[in-house]
Amino acid sequence: MGNNMKKIKLDIVGLSYSQTQSGAYALVLGEVSGRRRLPIIIGSFEAQAIAIEIEKMTPSRPLTHDLFKSFAQAYGINIQEIIIYNLVDGIFYAKLICSDGKKVIEIDARTSDAIAMAVRFDCTIYTYEFILSTAGIVIEGNDFVYLENLNEPQEEKTPVSGTGSYASLSEDELKTKLQDALNDEAYEKAAKIRDELGRRRSS
């Protein structure tokens, strides 16, 4: 046991299309006080739920996770932290540590859902040392490995007007398109526009 069960604080460092699974996304968590990264493959619905909250986009109607948050808050329940506590056959297990001010309850969740809740409740994400040492990737320097393929694999459905077209737009035009995409609930498109905006900020 010992150090192996040490709780390690994680941050979200990236979200991009998965190179290994079509239609899936790679959510990359990083240890706050170190160089290791934990990539987790999640579905596009959960990726959208996380991206929308990180970017403080407001969907036209509450998504499932927003509903969950309103529901919890209506009854005075707060999520204190989430813990990715196990890894079995490549699947991460997570739980929400919830409190109503009197008693603390642990609730099991899929990791993607747990993170979508963590960003909404602004609570800390933790994992244990044994998970990071098993599944973590060490980053040399400041290379963000997850940025290597932000574009959708070519064999997927044809993009709305060619993903490349975003590159030729001004930042204001992109922001307008982003708002339109959100109004249409076209979150995948919104994510692409957001990625283009993000690329500009980081370059």
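Residues numbered from 1 in each chain as written. Predicted model: local features only at pLDDT ≥ 70, side-chain atom pairs only at ≥ 80, totals over all residues. Heavy atoms only, no water.

Digging into the packing of aromatic side chains
Taken as a whole and assessed by the stated rule, the structure comprises four aromatic pairs. Aromatic pair Phe 71 and Tyr 75: ring centres 5.6 Å apart, planes at 55 degrees, arrangement tilted. Of note, Lys 7 hangs over the ring of Tyr 126, and the distance from its end group to the ring centre comes to 4.4 Å. A cation over an aromatic ring shows up here: Lys 69 above the ring of Phe 121, its NZ or CZ 5.9 Å from the ring centre. (Phe/Tyr/Trp six-rings, centres within 6.5 Å; stacked < 30°, edge-to-face > 60°. Lys NZ or Arg CZ within 6 Å of the ring centre and 35° of its normal.)

Considerations on unusual backbone geometry
Even without a glycine there, the phi angle at Lys 56 is positive, about 55 degrees. Look at Asp 122: it is not a glycine, yet its phi comes out positive at around 55 degrees. Here Asp 122 lies in the loop between helix 3 (111-121) and strand 7 (124-128). (Helix = DSSP H or I, 4+ residues; strand = E, 2+ residues; numbered from the N terminus.)

Section: helix 2 (residues 64-74)
Taken together, the buried positions of helix 2 are His 65, Asp 66 and Ala 72. Here the buried residues of helix 2 occupy an arc of 125 degrees about the axis, which is enough to place them on one side. Exposed and oriented more than 90 degrees from the buried face of helix 2 are Leu 67, Phe 71 and Ala 74. The inward-facing, buried residues of helix 2 abut helix 1 (44-54) and helix 3. Remark: Gly 76 follows helix 2 within two positions and exhibits a positive phi of approximately 70 degrees. (Buried < 20%, exposed > 50% of the residue type's maximum accessible area, 1.4 Å probe, protein only. Arc of directions from axis to C-beta. Contact = heavy atoms within 4.5 Å.)

Considerations on helix 1
The element helix 1 is extensively covered by neighbouring structure, given that eight of its eleven residues are classed as buried. The set of residues buried in helix 1 consists of Glu 46, Ala 47, Gln 48, Ala 49, Ile 50, Ala 51, Ile 52 and Glu 53. Two residues or fewer after helix 1 comes Lys 56, characterised by a positive phi angle close to 55 degrees.

Remarks on the pairing of strand 3 (residues 36-43)
Sheet topology places strand 2 (residues 24-31) next to strand 3; seven bridges connect them, and they run antiparallel. Residue pairing in the sheet places Ala 24 in a bridge with Gly 43 of strand 3. Once strand 2 ends, the chain turns through four residues before running back antiparallel as strand 3. Taken together, the two bridges between strand 3 and strand 8 (residues 137-138) define a ladder with antiparallel strand orientation. When the bridges of strand 8 are listed, Arg 36 appears paired with Val 138. (Pairing = 2+ DSSP bridges.)

Quick look at the side chain of His 65
You can see His 65 is positioned in helix 2. Overall, His 65 belongs to the buried group, its relative accessible area being 5%.

Examining the pattern of salt bridges
Tallying each qualifying case throughout the model produces ten salt bridges. In this structure, Arg 110 engages Glu 46 in a salt bridge whose closest nitrogen and oxygen atoms are separated by 2.7 Å. Remark: Glu 46 occurs in helix 1 and Arg 110 occurs in strand 6 (residues 104-110); sequence separation between them is 64 residues. Take Glu 46: its relative accessible area is 9%, and that puts it in the buried class. Between Glu 106 and Lys 95 there is a salt bridge, and its shortest N-O distance comes to 3.0 Å. Of the two residues, Glu 106 is situated in strand 6 and Lys 95 in strand 5 (residues 91-99); the sequence distance between them amounts to eleven residues. (Salt bridge = Lys/Arg side-chain N within 4 Å of Asp/Glu carboxyl O.)

Concerning the nonpolar core
By size, the foremost hydrophobic cluster in this structure holds 45 residues, and its most contacted members are Leu 15, Leu 29, Ile 42, Ile 79, Ile 82, Ile 84 and Ile 115. In terms of residues, this core owes the most to one element, helix 3, which gives six residues. Viewed by domain, this core spans two of them, domain 1 (7-149) and domain 2 (166-202), each represented by three or more residues. Not counting the four nearest positions on each side in its chain, Ile 42 is found in contact with Leu 15, Ala 24, Tyr 25, Leu 27, Ala 47, Ile 50 and Ser 112. (Core = buried A, V, L, I, M, F, W, Y, C linked by side-chain atoms within 4.5 Å. Domains from an automatic or database assignment.)

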